[in-house]
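Residue-level structure breakdown
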Amino acid sequence: MSPQLFPADTDELTRDALFSMLRNERRREVIHYLRDHEGPVDLRELSEYIAAIENDCERSAVTYKQRKRVQTALYQMHLPKLADQNIVDYDRRAGQVELADGAEDCLPYLDAVTDGNHFRWWRWYLIVAAVVSVPVGLAALGVRPFASVSGLGYAVVVCTAFAAVSVAQAVTERGR
């Protein structure tokens, strides 16, 4: 058995347990929301907030199905895990959640990796893929003038577009 680099204190989360809790985006969002709202928060309100982030919409636009999917996952899995680690106090019967004393261990890590902007780079990659697939598809169908461009020409354009988005993502994330 190898020695522990960081001795576990029975009152505090171990570093591995803390990172395990924080690796899930929903759990991180729970902690963010509760930090910004003093006192107990209703599970429905919390679920609606997280569903809005996940569906990239305003809270008022969240559907019942979207909110319920998040609420079920929070109720059955995420909140009990956070409560077991003393990160949240969770009253299942009342549907109320609030930060517990153990949340103080999480906050420095959350602040170090988040900027509050829920920018999702996958959308840009999807847009680039959609935009470049149109002329490539038209070329494959023999539509002029797209058919007159060589495959190498399209490969250069596609690679350049994806490289540009990748560089933008790297620069943005490095500046955080």
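The preceding data block contains the structure.
This report concerns the structure included in the present document. Every chain is numbered independently, its residues counted from 1 as its sequence is written. In view of the model being predicted, local features appear only for residues whose pLDDT reaches at least 70, and side-chain atom pairs are presented and counted only at 80 or more, with totals across whole chains, interfaces and linings using the full set of residues. The side-chain values count all of the structure's non-hydrogen atoms but skip hydrogen atoms and water molecules.

Considering the overall build of the protein chain
Scanning the protein chain from N- to C-terminus turns up 7 helices and 3 strands. The secondary structure elements of the protein chain, listed N-terminal to C-terminal, are α-α-β-α-α-β-β-α-α-α. Only the protein chains shown count as cover for residues, with accessible areas throughout obtained via the Shrake-Rupley method and a probe of 1.4 Å. Counting only carbon and sulfur atoms, one obtains 56% of the accessible surface of the protein chain, whose full area is about 11500 Å². Think of it this way: any DSSP run of H or I at least four residues long counts as a helix, any run of E at least two long counts as a strand, and we number them from the N terminus.

Considering the side chain of H78
By secondary structure assignment, the location of H78 is in helix α4 (residues 64-84). By the criterion applied in these results, polar contacts are pairs of N or O atoms within 3.5 Å in which, for protein atoms, one can donate a hydrogen and the other can accept it, and in which residues neighboring in sequence qualify only through two side-chain atoms. Separated by 3.1 Å, the side chains of H78 and R27 make a polar contact. For H78, the residues in contact, after removing those within four places along its chain, are N24, R26, R27 and A73. Contact between two residues is taken to exist if any of their heavy atoms lie within 4.5 Å; hydrogens are not considered.

Re the sheet that holds strand β1 (residues 41-42)
A sheet is described by the order of its strands in space; here 3 strands give the open sequence β1-β3-β2, paired in antiparallel fashion. Each edge of the open sheet carries a strand with a single partner, namely β1 and β2 (88-91). Only strands joined by at least two bridges in the DSSP assignment are considered to pair. When β1 meets strand β3 (residues 96-99), the two strands line up antiparallel, connected through 2 bridges. Residue pairing for β3: V41 is matched across the bridge by V97. Sheet strands in contact with helix α2 (residues 25-36) are β1, β2 and β3, and its direction is about 80° off that of β3. Along the sheet, α4 contacts β2 and β3; its crossing angle with β2, the most-contacted strand, is approximately 130°. An axis is simply a line fitted to the C-alpha atoms; with a helix, the fit covers only the stretch in contact. Between two such axes, the angle follows the N-to-C directions and lies from 0 to 180 degrees.

Topic: α2
Relative to the 16 Å expected for 12 residues at 1.5 Å per residue, α2 spans 17 Å between its end C-alpha atoms, a close match to the ideal helical length. The set of residues buried in α2 consists of R26, R27, E29, V30, I31, H32, Y33 and L34. Two or three places before R26, at the opening of α2, N24 has a side-chain oxygen 2.8 Å from that residue's backbone nitrogen. Given the number of residues in a helix, its expected span is that number minus one, multiplied by 1.5 Å. Burial classification: accessible surface area is computed with a 1.4 Å probe over protein chains only, and a residue below 20% of its type maximum counts as buried, one above 50% as exposed, and the rest as partly exposed.

Purely spatial values, then, with no claim about function.
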